[in-house]
Structures are given as structure tokens and as C-alpha cells.
Amino acid sequence: MKLIDARRDLYRRLAHQEGYRSRAAYKLKELNRSYRIIGPGFYVLDLGCSPGGWTQVAVELAGNRGKVMGIDKSYVEEIPSAHIIRGDIEDESIVESIFDYFGRKVNAVICDLSPQVTGTWSIDHGKQISLNYSASKIMDHVLAKKGNALFKVFDGEYSNEFRDYIKKKFAKVQLRKPKASRKTSSELYYCCLGYLGP
């Protein structure tokens, strides 16, 4: 077994042992250790939350005084202490449901978005970046000043354009590839701290 396959297998096995729904949970844990995107008592919105690994970690990080909501087009099984709704992030009317649950603006928006992959890179990359723009429009309605955000990005021809767009909205934006990501994967994460407003 190649080292990279062994590492991938390790995170999958760990997720199974520790009760997380996906190995992606470890990406959020690692990024949060470095950047404190989510802290105790935070109100957290998880856009594109299926299968729920990030939502589970967000619940742990936000603790008893926090609130977590996950939104996805797919059905997601209930997660204790989180509110899950089925909805399309490309439909901005979802903002009403977000405010209905939280009652105020949130402290963090996290987005681990992936389109239905076609296998054609240019289509998949373009669609994934488009989903991030949709997520950022929702973020502009619901994220409190000085709040944080995290976006997964398929690295490619449109990713720098999205980075420049999102950089204008935050005091600091850092680009990271967590250890739990496959080396061969094109995914990168934009860790966005200190929301300045739309």
C-alpha cells in the first residue's frame, strides 16, 4: 500500500472509530486548530453539509452555548444539537430560514461544497466555484461583522478570481491544504477571518 493510500485509509478508519460521518471532519479540526474559525458559543452555518462530518465538528467546537445549522440539497440524517434543513444554496430565499433558526447573524459560515462531479475537470471546477459564489451571497446576508468563513475551492483557472473576490470581504484570508486532504486532490481551503461586510 502506498503511503498516501495508507494515510487516506487512516482518516477514514479514524472517522469510523470516532463516529464522524466523513474523513472531512479532520480537515475542519486541523484548520480550526490553526485559525480558530469556530469558537465556543459561536453560531455556525454549514452550507453543503452532507453527509454531516463538518456539522458534527461544528457542534463540538461551538459547545452548549452555540448553535449550528446545516443546509444541503441532499437528505442528511439528523445530528444531535444541530438543525438540518434540506435546501438549495443557489436559492437566496433560504436566508429567511437561516434567520428563523438563529434569530440573529452568525459568527461563522463554513462551506465544504462539491458539485455532482461529471469527470470533466473544466465543468466540475467551474460549477464548484459557482457554488462558492452562491454561498458567499448567502454569507453576505447572515455573517456578523468580524465573523469568519471557510471555503473549499477546487484549484484551477477560476480559483484566483474567487480568492480576490473573497479577500475584499475579510481582514485576512489564508490558503491551506490540510493533511487529511489527499495529496492528489485539487482541493484547497480559504480560511477567512474578520468579516468586513458585503
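Placed above this text is the structure.
Residues numbered from 1 in each chain as written. Predicted model: local features only at pLDDT ≥ 70, side-chain atom pairs only at ≥ 80, totals over all residues. Heavy atoms only, no water.

Participant: I tried to follow the state of the cysteines on my own but got confused; where do I start?
Facilitator: One way to say it: the disulfide is the covalent bond shared by the sulfur atoms of two cysteines. Tallied over the entire structure, the rule returns 0 disulfides. Here Cys191 stays unpaired: no disulfide links it, and the sulfur of Cys192, its closest cysteine neighbor, is 7.2 Å away. When its relative accessible area of 0% is taken as the criterion, Cys191 is described as buried. (Disulfide = S-S within 2.5 Å. Buried < 20%, exposed > 50% of the residue type's maximum accessible area, 1.4 Å probe, protein only.)

Participant: Help me understand the nonpolar core, please; the structure alone is not making it clear to me.
Facilitator: Note that soluble globular proteins tend to have their nonpolar side chains buried in a common cluster. Core analysis: the largest hydrophobic core is formed by 32 residues, its most contacted members being Leu45 and Phe151. Top element by residues in this core is helix H5 (residues 121-142). It accounts for 6 residues. The residues touching Leu45, leaving out its near neighbours within four places in the chain, are Met69, Ile71, Ile98, Phe102, Val106, Ala108, Val109, Ile110, Ile138 and Val142. Among the nonpolar cores identified, the runner-up in size contains 23 residues, and Ala25, Ala58, Ala82 and Leu150 belong to it. (Core = buried A, V, L, I, M, F, W, Y, C linked by side-chain atoms within 4.5 Å. Helix = DSSP H or I, 4+ residues; strand = E, 2+ residues; numbered from the N terminus. Contact = heavy atoms within 4.5 Å.)

Participant: How should the pairing of strand E2 (residues 67-72) be read in this particular structure?
Facilitator: Residues in a regular strand project their side chains so that they alternate between the two faces of the sheet. Taken across its 6 residues, E2 has 5 buried, putting it largely inside the fold. The pairing of E2 with strand E3 (residues 82-86) spans 5 bridges and is classified as parallel. Of the residues in E3, the one forming a bridge with Gly70 is Ile84. (Pairing = 2+ DSSP bridges.)

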